[in-house]
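Spelled out from the first residue to the last, the chains are:
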Amino acid sequence: MLGKINRLKDNCDDKFIYPLTVSKAVYVNETQNLQSKLAGIDQKFADFSIENIKDVDFSNVNERGLIAYQNGSWKVVPDITNSYTLELEKWEVSNEGTDAVNTSQHLNDALQWARQMGYDEFVLPAGTYLIDENNPILIPSRMTFNLGGSKLRIQDNGLERYTVILIENNSEFIRITNGEIEGDRYTHDYETVPGTHEWGMGITVEHHSRYIHIDFLDIYNFTGDCIYTEAVPNFYSMSAFDHWEQGSFNTNNGELVSESSRIRSQGFISLPTVAINNYGFFNVCGNSWGDFGRDIKSETFDVIFYDENNNFVDSLIRAKVFDDIEIPEGGTKIKLSYYQGTLPSDEDGTALSLCVSLCPRYVYIEKCDLHHARRCGVVPTGKHLFINENKIHHIRGVSPGCIIDVEDGYGLNQNIRIYNNHFYDSRIGVAFVSTQHVYFYGNYMERLGQSTVWGECRQVHISDNIVNSSSWDLQGEALFNSNTFFHSSVTSRRSARHLISNNYFYNSSLKLDKENSFTTIVEANYFHRDLNNVSITDGANDFQTHGFPQIIQDNHFDEARFYNYSDQNGWMFTNNFLKIIPGHWG
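The structure reproduced in this document is the subject of the present report. (Residues numbered from 1 in each chain as written. Predicted model: local features only at pLDDT ≥ 70, side-chain atom pairs only at ≥ 80, totals over all residues. Heavy atoms only, no water.)

**Considering the overall build of the protein**
Looking only at helices and strands, the protein features five helices and 54 strands. A buried classification covers 51% of the 586 residues belonging to the protein. Sequence-distant contacts in the protein: of pairs separated by 6 or more residues, those separated by 24 or more amount to 57%. (Helix = DSSP H or I, 4+ residues; strand = E, 2+ residues; numbered from the N terminus. Buried < 20%, exposed > 50% of the residue type's maximum accessible area, 1.4 Å probe, protein only. Contact = heavy atoms within 4.5 Å.)

And the structure:
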């Protein structure tokens, strides 16, 4: 039988043979074992020398070509492997934590060479690589940068701003994985150069970068953030739409339509050249701070496209503010029709701008340990960002000191998913300052400062999280459901809509303090308080009502305290089960 095992026991005394020589025991055919087969090959090449290779055509062969003996002759064949392991001596790179200037420069040279040679993975030999603070590591597009279990360490410095790894504008399909990235937080010079020194980053993802994967990394001790994604809004024509009239457009041909519930722009607005030539899209934004524009109340509009001769080209129905709007072939100008009936009245114009939002898209941060940064763990700016299965902790030092801070970029921050992470022991939890379409679920939060959904946020979904000794402050629009709270607090305030439903409050508090009536619904929650209550603050771990009346229905209060501090009538308190310890309701 081919590949049979010859003998495992000696024929004479029936003892096991040890050690078993595989080349003797394994047969390649019925009569020949592997040892004799290899001996024949060795004999064939006994007198071989590289100088004996003749008549091999080396033209059109790059550095990845191999010489192989095939069918009785030598041939040049391509190297089909796609992974390159850095040759330290060839590139004069130190993996002993020295020579930062040459390490950074030569690493970048080797990365560019590997990309040009067609490699799609670049692997570092194990060790420590000292990185020049003035020369970050630049990862080419369509490349996996595999640290190979090694460490990149920034050289001690006194700069206000630096980054260890930089993914530059217009980069795409990049992965960074498998190693450590360390900052100089505890050895940094904060005195020589005045400033906050909050911009020392582990990884920076710039502008119009797409499909970036960051995983299996330990990133720590930075003067700023562990991971920072950076947007450049690039605003154009800040007062492009100052003239409006009643009505809309026929979206099939661009003709005017009388409609009292709509308004339309007058005159043609030329699209930014950079949008047409380089990116193929644009955004309609407000005044750069995230609003819809002065006297613009609707976020929804139709876009009518025209060519350079003012002829109708195409239309886009029900676009949203800050959406990426792709430009059809031939389109050079636009008009807008908003879904509101009130004309803007501001004499200074509507402050409605065109923008090409150069922000990262489709960035995945997964299975990383991010910790001991001074400013933030992650600052996710952009669209379609995924933060999954990370551990982020011990973030404090300078403001804001957040686990995650969604802020810069404002309304451009959209479709962000943060799920199945472990957040703990930090000064501030999660800060949603300005964003929309956020999904925050399945996270475990413990011993954190306050997490906040600020007033400019819209459509923030917070569900199925476990929160221990932490707090949430809801000011912007939020759906808040199926969370479990231990010794924690939740506040619903301002005027945005909140649905707080199906949560479990164990020795935890909920406070309502709304500026408008019936903008919050508290529904089907369970409140329980027992002797494990650890709060010594008067009025903590209870349900409190302040401000304007809201809807409270189908909740279960088990030994909970209920306090009403509102002087407003009209509270809707229906179908609740109350087993209340002494408190005050009236």
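Now that the structure has been shown, the text picks up again.
**Regarding the side chain of Glu206**
By the secondary structure assignment, Glu206 is in strand β11 (residues 199–206). For the buried Glu206, no salt bridge exists, and the shortest N-O distance to an oppositely charged side chain is 7.8 Å, to Arg161. Here the side chain of Glu206 touches Asn169 through a polar contact of 3.3 Å, landing on its backbone nitrogen. (Lys, Arg positive; Asp, Glu negative; His and termini not counted. Salt bridge = Lys/Arg side-chain N within 4 Å of Asp/Glu carboxyl O. Polar contact = N/O pair within 3.5 Å; in protein donor to acceptor, adjacent residues only side chain to side chain.)

**Overview of unusual backbone geometry**
A negative phi angle characterises most non-glycine residues, just as the trans form characterises most peptide bonds. Between Ser399 and the following residue, Pro400, the backbone shows a cis peptide bond with an omega angle of 5°. Unlike most non-glycine residues, Phe173 shows phi in positive territory, near 55°. Here Phe173 is to be found in strand β10 (residues 172–182). Phi at His384 is positive, roughly 60°, even though this residue is not glycine. One can find His384 in strand β29 (residues 383–388). For His384, a relative accessible area of 24% corresponds to the partly exposed category.

**Here's the deal with the packing of aromatic side chains**
If you walk through the whole model with that rule in mind, you get 35 aromatic pairs. Arranged with centres 4.7 Å apart and planes meeting at 5°, the rings of Tyr364 and Phe386 form a pair that is stacked. Placement of the pair is Tyr364 in strand β26 (residues 361–366) and Phe386 in strand β29, with a sequence separation of 22 residues. Accessibility expressed as a relative area gives 25% for Tyr364, which makes it partly exposed. Between Phe485 and Phe505, the ring centres sit 5.0 Å apart and the planes meet at 15°, which makes this aromatic pair stacked. Residue Phe485 is located in strand β42 (residues 484–486), and its partner Phe505 is located in strand β45 (residues 504–506); the two are separated by 20 residues in the primary sequence. The exposure class of Phe485 is buried, given its relative accessible area of 0%. Assessed through its relative accessible area of 0%, Phe505 is described here as buried. (Phe/Tyr/Trp six-rings, centres within 6.5 Å; stacked < 30°, edge-to-face > 60°.)

**Let's talk about the pattern of salt bridges**
Note that side chains of opposite charge can pair when their charged atoms are close. The final tally for this structure, using the stated rule, is 22 salt bridges. Note that Lys90 is salt-bridged to Glu87, the shortest N-O span being 3.9 Å. The partly exposed category is assigned to Lys90, whose relative accessible area is 44%. When salt bridges that share partners are traced, they join Arg142, Glu172 and Arg210 into one network.

**Remarks on the side chain of Glu198**
Relative to the assigned elements, Glu198 resides in the loop between β10 and β11. A polar contact of 2.9 Å, which involves the side chain of Glu198, links it to the side chain of Thr196.

**So, the environment of Thr491**
Relative to the elements of secondary structure, Thr491 occurs in strand β43 (residues 489–494). For the pair Thr491 and Ser471, spaced 20 residues apart in the sequence, the C-alpha separation amounts to 8.2 Å. Every residue in contact with Thr491, bar those within four places of it in the chain, is listed here: Trp472, Asp473, Leu474 and Lys511.

**Looking at the nonpolar core**
Across soluble globular proteins, nonpolar side chains show a tendency to be buried alongside one another. Counting 82 residues, the largest nonpolar core has Phe122, Phe145, Phe432 and Trp472 as the members making the most contacts within it. Counting residues per element, this core draws most heavily on helix α4 (residues 100–116), which supplies five residues. Other than its neighbours up to four places away in sequence, Phe122 contacts Tyr84, Leu86, Leu107, Ala110, Leu111, Ala114, Met143, Thr144, Phe145 and Asn146. (Core = buried A, V, L, I, M, F, W, Y, C linked by side-chain atoms within 4.5 Å.)

**Focus on the layout of surface pockets**
Each pocket or cavity is described by its volume, and for the largest pocket that value is around 230 Å³. If you go around the largest pocket, you meet 13 residues; those closest to its centre are Gly455, Cys457, Arg458, Glu477 and Ala496. Quantified by volume, the second largest pocket comes out at close to 160 Å³. What lines the second largest pocket is Pro136, Arg161, Tyr162, Thr163, Leu166, Trp199, Met201, Thr204, Glu206, Tyr228 and Glu230. When residues of the lining of the second largest pocket are traced back to their parent elements, those giving at least two are β9 (161–167), β11 and β13 (225–230). Residues that form the lining of the second largest pocket fall into these classes: six nonpolar, two polar and three charged. (1 Å grid on protein atoms, 1.4 Å probe; cavity = no way out; pocket = protein on both sides within 12 Å on 5 of 7 lines; lining within 4 Å. Points joined across faces, edges and corners; volume = space filled by probe spheres on them. Nonpolar A, V, L, I, M, F, W, Y, C, P; charged D, E, K, R; others polar.)

**Topic: α4**
Counted at 1.5 Å a residue, the expected span for α4 with its 17 residues is 24 Å, and the 24 Å between its end C-alpha atoms agrees. Along α4, the residues that are buried comprise Ala100, Thr103, Ser104, His106, Leu107, Asn108, Ala110, Leu111, Trp113 and Ala114. Looking at the buried positions of α4, the neighbouring elements they touch are β3 (83–85), α3 (88–91), β4 (121–123), β5 (128–131), β6 (137–138) and β7 (143–146). Immediately downstream of α4, the backbone of Gly118 shows phi near 95°, a positive value. (Expected span 1.5 Å × (residues − 1).)

**So, the environment of Glu329**
By the secondary structure assignment, Glu329 is in the loop between β23 (325–326) and β24 (333–338). Overall, the relative accessible area of 78% leaves Glu329 in the exposed class.

**Things to note about the pairing of β10**
As defined by bridge partners, β7 adjoins β10 across four bridges and the pair is classed as parallel. What sits directly across from Phe145, in β10, is Ile176. By the bridge criterion, three bridges tie strand β8 (residues 151–154) to β10 in an arrangement that is parallel. Bridge assignment links Arg153 to a residue of β10, and that residue is Glu182. In terms of strand pairing, β10 meets strand β12 (residues 210–220) through nine bridges, oriented parallel. (Pairing = 2+ DSSP bridges.)

**Structural notes on the pairing of strand β41 (residues 478–481)**
Only one face of β41 is buried, namely the one carrying Ala478 and Phe480, since none of Leu479 and Asn481 on the opposite face is buried. When strand β38 (residues 458–463) meets β41, the two strands line up parallel, connected through four bridges. Bridging from a neighbouring strand, His461 pairs with Leu479 of β41. Pairing between β41 and strand β44 (residues 498–501): four bridges, direction parallel. Pairing of Phe480 across the sheet is with Ile500, part of β44.

**Focus: the environment of His106**
Tracing the sequence through the fold places His106 in helix α4. For His106, a relative accessible area of 15% translates into the label buried. Apart from residues no more than four positions distant in its own chain, His106 is found in contact with Trp91, Glu92 and Val93. Of note is the side chain of His106, whose polar atom sits 3.0 Å from the backbone oxygen of Glu92.

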